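Okay, here's what each chain looks like letter by letter:
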Amino acid sequence: MSKVELTVNGRAVSAEVEDRTLLSQFLRETLNMTGTHVGCDTSQCGACVVHVDGKAVKSCTMLAAQASGSEVTTIEGLAAGGALHPVQAAFKEHHGLQCGFCTPGMIMSAVDMINRYGGKLDEKTVRAELEGNICRCTGYHNIVKSILAAAEEMSGAAKVAAE
Amino acid sequence: MYETTYHRAGSVEEAVKLMGEADGGKFVAGGQTLIPTMKQRLAAPDSLIDLRHIADLKGISVDGANVRIGAGTTHYDVANSADLKAVCPGLCSLASHIGDPQVRHMGTIGGSISNNDPAADYPSAMLALGATIHTSKRDIAADDFFTGMFETALDEDEIVTAVSFTAPDACAYSKFPNPASRYAMAGVFVAKGGNGVRVGVTGAGNDGVYRWSDAEAALSSDFSAGALDGLSVDAGDMMEDLHGTADYRANLVKVMAKRAVASAG
């Protein structure tokens with residue numbers, strides 16, 4: 001057994017779990033935070049993407065013990081005080097989801113890519129950056145549109161804040 | 001996944017010691033191959049010794065043309081190193097096309113070359129750059145390091161700590177990714193420098209990564225894509241699987257080599 005200590009969405013958590021527990025399992029089954037989805041469980045679909053110490057990773061491909069000591073952000077940690085995160089709002093506005101199963105991972109990957117590229121995202125980059133996220137409903141068109149809209153809004157907001 | 005015992009090493013010495021105490025242990029770096037393999041029960045180490053938190057294994061140093069990359073450096077950090085891009089952009093480009101962004105945030109150069117998957121990208125670059133592989137025990141020339149599919153010169157308790165090489169005058173990598181997995185069905189790294197011209201081929205050979213000596217000879221006298229026109233790759237040396245026949249791969253190797261030379265300039 002391993003003692004896993006994490007900060008999840010700003011809250012310190014700790015639990016004693018089997019060493020083979022995946023981070024995705026830890027979040028869903030130990031912490032009962034089921035916003036993080038498990039789609040393929042073979043590291044391909046990206047529904048389980050969370051941020052570990054600020055970087056997007058597939059939580060089904062990391063042991064909880066490997067992550068111990070880290071700060072983890074999940075889809076549940078994005079909305080602030082009841083207001084949707086700009087990426088969540090953009091997915092709603094631009095119909096970036098149908099069944100919604102891949103959406104937590106799509107949004108976590110989108111936030112990570114916007115953080116890394118700032119306002120310099122274009123369609124080609126977004127599509128390349130979505131390599132690790134699979135959606136079976138939308139054909140990606142509206143997902144890409146949502147991410148580009150959110151990136152523009154977030155960089156606009158950053159500019160206003162800087163001025 | 002079968003049960004396993006997780007150990008976090010704070011130093012290379014501690015990791016080696018933990019491996020000595022384990023009965024059938026495995027080192028895990030980024031875990032982007034090992035964890036999925038364990039989930040499929042294709043690997044079942046009784047102990048996992050985590051190298052990811054060893055600070056000494058991380059980082060890139062570029063001093064003139066001398067490059068050293070810590071084994072624990074992630075693909076993402078290799079892809080985005082401005083210092084490395086200035087002297088060896090081909091390696092940054094290679095790293096930027098491994099797996100997907102999430103895999104690149106975790107996967108490491110040391111893990112990739114230690115696993116020596118026959119379709120992994122990095123081994124071809126190590127061969128073409130004439131890199132030296134530094135380990136917890138010794139320094140090994142890349143030519144002696146990769147010994148076959150998933151086989152290396154490493155002992156069970158030996159850890160890759162860094163790779164080093166002299167930046168070439170020109171280099172580039174070109175791969176034809178499998179449309180589903182994005183692993184290389186043929187990937188060719190071409191480097192031209194003080195060691196002459198060296199060509200590393202991954203994804204295609206039936207004994208893992210190899211150097212294409214005919215191409216090296218042709219490119220040494222004429223470093224242009226056209227210099228490869230008259231060459232052919234023996235399909236008898238190629239892998240064959242559901243993704244492609246040996247003939248198909250033999251053709252891909254030549255096409256990828258020409259593209260790599262053209263983009264190395």
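Sequence order as written defines residue numbering, which begins from 1 separately in each chain. For naming, the first written chain is A and the first written ligand is 1, with later ones following in the order written. Reporting of local features is limited, given that this is a predicted model, to residues whose pLDDT is at least 70; pairs of side-chain atoms are given and counted only at 80 or more, and all residues count toward the totals for whole chains, interfaces and linings. Only hydrogens and water are set aside when side-chain values are computed; all heavy atoms of the structure are taken into account.

**Focus on the overall build of chain A**
Helices and strands together make up the secondary structure of chain A, namely 6 helices and 5 strands. When the helices and strands of chain A are placed in sequence order, the string is β-β-α-β-β-α-β-α-α-α-α. In this treatment the radius of gyration is a C-alpha quantity, and the globule benchmark scales as 2.2 Å times the residue count to the 0.38 power. Its C-alpha radius of gyration of 16 Å places chain A within 12% of the 15 Å reference for a compact globule of 163 residues. Projected onto the principal axes, the alpha-carbon positions of chain A cover approximately 45 × 40 × 25 Å. Put simply, chain A has 163 residues, and 50% of those count as buried. In chain A, 14 side chains carry a positive charge and 18 a negative one; their mean positions are 4 Å apart. Note on conventions: DSSP H or I runs of at least 4 residues are helices, E runs of at least 2 residues are strands, and numbering of each starts at the N terminus. Categorising residues by exposure relies on relative accessible area from a 1.4 Å probe, with only protein chains included: less than 20% of the type maximum marks a residue as buried, more than 50% marks it as exposed, and the intermediate range marks it as partly exposed. In this tally Asp and Glu are treated as negative and Lys and Arg as positive; neither His nor the chain ends contributes. Charge coordinates come from a single atom per side chain, which is NZ of Lys, CZ of Arg, CG of Asp or CD of Glu.

**Description of the domain arrangement of chain A**
Residues and elements named next belong to chain A. All the domain ranges listed were derived from an automatic or database domain assignment. Parsing chain A into structural domains produces domain 1 (2-77) and domain 2 (86-162). Here the C-alpha centroids of domain 1 and domain 2 sit 22 Å apart. For the pairing of domain 1 and domain 2, the buried interface totals around 1,100 Å² over both sides, and the portion due to carbon and sulfur atoms is 62%. Of all residues in domain 1, H37, H51 and I75 bury the most surface against domain 2, accounting for 41% of the area lost on that side. Take a side-chain nitrogen of Lys or Arg and a carboxyl oxygen of Asp or Glu: if they are within 4 Å of each other, that pair is a salt bridge. On inspection of domain 1 and its partner domain 2, the count reaches 0 salt bridges. Note on terms: buried area is the combined drop in 1.4 Å-probe accessible area of two parts once they are placed together, counting the loss on both.

**Focus on the pattern of salt bridges**
In total, this model carries 17 salt bridges over all chains according to the counting rule given. For B:K39, the salt bridge is made with A:D41, and the minimal N-O distance between the two is 2.9 Å. Taken together, the positions of B:K39 in helix 2 (residues 34-39) and A:D41 in the loop between helix 1 (23-30) and strand 3 (49-52) put the pair across two chains. The exposure class of B:K39 is buried, given its relative accessible area of 18%. Using a relative accessible area of 35% as the deciding quantity, one classes A:D41 as partly exposed. A:K58 is the partner of B:D100 in a salt bridge, and the nearest nitrogen-oxygen pair spans 2.6 Å. In this pair, B:D100 sits in the loop between helix 5 (89-96) and helix 6 (101-106) while A:K58 sits in strand 4 (residues 55-58), so the two residues belong to two different chains. The burial state of B:D100 is the same as that of A:K58; both residues are buried. Through salt bridges with shared partners, one network takes in B:D143, B:R198, B:R211 and B:E216.

**A word on helix 4 (residues 103-117) of chain A**
Residue and element names in this part refer to chain A. The end-to-end C-alpha separation of helix 4 is 20 Å, in line with the 21 Å expected for 15 residues at 1.5 Å each. A large share of helix 4 lies buried, amounting to 12 of its 15 residues. Listed in full, the buried residues belonging to helix 4 are T103, P104, G105, M106, I107, M108, S109, A110, V111, D112, M113 and I114. Looking one or two places after helix 4, you find G118, whose phi comes out positive at around 60°. By this rule, a helix spans an expected 1.5 Å times one less than how many residues it contains.

**Thoughts on the packing of aromatic side chains**
Residues and elements named next belong to chain B. In this analysis, rings of Phe, Tyr and Trp, with Trp reduced to its six-membered ring, are considered paired at centre separations within 6.5 Å, and the interplanar angle assigns stacked below 30 degrees, edge-to-face beyond 60, and tilted for intermediate values. With the rule as written, the count across this model stands at 3 aromatic pairs over all chains. With centroids separated by 6.5 Å and ring planes inclined at 90°, the aromatic side chains of F176 and Y248 adopt a geometry described as edge-to-face. With F176 in strand 11 (residues 170-177) and Y248 in helix 11 (residues 246-264), this pair connects stretches of sequence that are 72 residues apart. Classification of F176 as partly exposed rests on a relative accessible area of 27%. We classify Y248 as partly exposed; its relative accessible area is 37%. Across from the ring centre of Y2, 4.2 Å away, lies the NZ or CZ of R41, which sits over that ring. Each ring is checked for a lysine NZ or an arginine CZ that lies within 6 Å of its centre and within 35 degrees of its normal; such an atom marks a charge sitting over the ring.

**With respect to the packing of helix 3 (residues 86-93) of chain A against helix 4 of chain A**
All names here are of chain A. For every element, the axis is a line fit to its C-alpha atoms; helices are fit only across the contacting stretch, and the angle between N-to-C directions ranges from 0 to 180 degrees. As a packed pair, helix 3 and helix 4 sit with axes 10 Å apart at the nearest point and diverge in direction by 125°. Classified by the interaxial angle, the pair formed by helix 3 and helix 4 is oblique. In this structure, helix 3 meets helix 4 at a crossing whose hand is right-handed. Listed contacts from helix 4 to V87, Q88 and F91 of helix 3 are T103, M106, I107, A110, V111 and I114. Under the scheme applied, nonpolar residues are Ala, Val, Leu, Ile, Met, Phe, Trp, Tyr, Cys and Pro; charged residues are Asp, Glu, Lys and Arg; polar residues are all the others, including Gly. The residue inventory of the contact of helix 3 with helix 4, partitioned by class, reads 7 nonpolar, 2 polar and no charged. Each angle is binned into one of four classes, with values under 35 degrees roughly parallel, values over 145 roughly antiparallel, values of 65 to 115 roughly perpendicular, and all other values oblique. Put simply, a crossing is left-handed when the front helix is turned counterclockwise from the back one by less than a right angle, and right-handed when it is turned clockwise. We call two residues in contact whenever any of their non-hydrogen atoms come within 4.5 Å of each other.

**Digging into the pairing of strand 3 (residues 47-50) of chain B**
Residues and elements named next belong to chain B. Residues of strand 3 alternate between two faces, with S47 and I49 on one and L48 and D50 on the opposite face, all of them buried. As paired strands, strand 1 (residues 5-8) and strand 3 are joined by 4 bridges and run parallel to one another. Within the sheet, the bridge partner assigned to H7 lies in strand 3 and is I49. Whether two strands pair comes down to DSSP finding at least two bridges between them. As paired elements, strand 2 (residues 25-28) and strand 3 share 4 bridges and run parallel to each other. If you follow G25 over to strand 3, its bridge partner there is S47. By the criterion used throughout, a crossover qualifies as right-handed when its path from the first strand across the helix to the second strand runs clockwise, the strands pointing away from the viewer. Once the chain exits strand 2 it traverses helix 2 before rejoining the sheet at strand 3, and the crossover so formed is right-handed.

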